[in-house]
Amino acid sequence: KAGVTQTPRYLIKTRGQQVTLSCSPISGHRSVSWYQQTPGQGLQFLFEYFSETQRNKGNFPGRFSGRQFSNSRSEMNVSTLELGDSALYLCASTLGLGFANLQFFGPGTRLTVL
Amino acid sequence: GQNIDQPTEMTATEGAIVQINCTYQTSGFNGLFWYQQHAGEAPTFLSYNVLDGLEEKGRFSSFLSRSKGYSYLLLKELQMKDSASYLCAVSKDNAGNMLTFGGGTRLMVKP
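Residues numbered from 1 in each chain as written. Chains lettered and ligands numbered in written order. Predicted model: local features only at pLDDT ≥ 70, side-chain atom pairs only at ≥ 80, totals over all residues. Heavy atoms only, no water.

J.: Is there a simple way to think about the packing of aromatic side chains in this case?
T.: Here the distance between the centres and the angle between the planes together describe a pair of aromatic rings. All names here are of chain B. Summed over all chains, the structure comprises 16 aromatic pairs over all chains. Centroid distance Tyr24 to Phe29: 4.8 Å. Interplanar angle 15 degrees. Geometry classified as stacked. Take Phe29: its relative accessible area is 18%, and that puts it in the buried class. Taking 6.1 Å as the distance between ring centres and 75 degrees as the angle between the ring planes, the aromatic pair formed by Tyr35 and Phe45 counts as edge-to-face. One end of the pair, Tyr35, is in strand E4 (residues 29–37); the other, Phe45, is in strand E5 (residues 44–49), with ten residues separating them in the sequence. (Phe/Tyr/Trp six-rings, centres within 6.5 Å; stacked < 30°, edge-to-face > 60°. Buried < 20%, exposed > 50% of the residue type's maximum accessible area, 1.4 Å probe, protein only. Helix = DSSP H or I, 4+ residues; strand = E, 2+ residues; numbered from the N terminus.)

As structure tokens, this is what we get:
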């Protein structure tokens, strides 16, 4: 089975712009979670989608949003980019819901905001 | 809230054993994961504990004590390729697949 794929792998934007990142989960996986990883804050949960519905949301401002399509692919969007949004954005897919479902991470999208 | 603590950095010698500790404070604990992350790469799953005790998987073992809010990852027969960050993460009841991660422990293995 192919793993989790994320596009693009690298992105450079300027402050005030918006960006859309894409994640394709492992075939058959229905849950997709997004995380932001920075040297200072580590890995922080952004949101989780299951069956096109947002199930959980982390403590991030409304500039961060996401969605999931019927084929389980997911996108996240960041509007009005700030310098502090520079980070590695990781997507993780899981077979189902809840208890101890193992998450498989994609390679990430490294976003640099200038 | 949740608080997950692990040492920032550790150094060990090739062939030795190293123990990476993780302490957590969380309500509704539902399991603890260990992930390995090499620089510039995605985290990869190492182990999962939900009940107290030791889980062994080859050179890697993980231990959990729920009453103490404590876990450790034990790496035996260290190899140079084990140089990486090791992430402790906790899942909570009623939180879907959300994981809360510690800051990670960067392990350097020296010859």
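Continuing now.
J.: Is there a simple way to explain the sheet that holds strand E3 (residues 18–25) of chain B in this structure?
T.: Residue and element names in this part refer to chain B. An order of E1-E3-E8-E7-E6 is seen for the five strands of this open sheet, with the pairing classed as antiparallel. A strand with exactly one partner marks an edge of an open sheet, and here the two such strands are strand E1 (3–5) and strand E6 (53–57). Strand-to-strand twist of the sheet, defined as the mean angle between neighbouring strand axes without regard to direction, takes the value 15 degrees. Here strand E7 (residues 60–65) runs beside strand E8 (residues 70–75); their pairing, made up of six bridges, is antiparallel. Across the sheet, Ser62 pairs through a bridge with Leu73, a residue of E8. (Pairing = 2+ DSSP bridges. Axes fitted to C-alpha atoms, helices over the stretch in contact; angles between N-to-C directions.)

J.: I keep staring at the sheet that holds strand E3 (residues 19–24) of chain A and nothing clicks. Help me out?
T.: To summarise the sheet geometry, strands pair through backbone hydrogen bonds and adopt either a parallel or an antiparallel arrangement. Residue and element names in this part refer to chain A. Spatial strand order, E1-E3-E8-E7: four strands in an open sheet with antiparallel pairing. Each edge of the open sheet is held by one strand with a lone partner, namely strand E1 (5–7) and strand E7 (64–68). Adjacent strand axes in the sheet meet at a mean angle of 20 degrees, parallel and antiparallel pairs treated alike. Bridging between E7 and strand E8 (residues 74–78) involves five bridges; their strand directions are antiparallel. Counterpart to Gln68 in the pairing with E8 is Ser74.

J.: Can you help me understand the state of the cysteines in this one?
T.: In a disulfide, the sulfur atoms of two cysteines are covalently bonded to one another. Residues and elements named next belong to chain A. A full pass over the atoms with the stated rule returns two disulfides over all chains. With its sulfur 1.7 Å from that of its partner, Cys23 forms a disulfide with Cys91. A torsion of -50 degrees about the S-S bond marks the disulfide between Cys23 and Cys91 as left-handed. Residue Cys23 is found in strand E3, and its partner Cys91 is found in strand E9 (residues 87–94); the two are separated by 68 residues along the sequence. Given the relative accessible area of 0%, Cys23 is considered buried. (Disulfide = S-S within 2.5 Å.)

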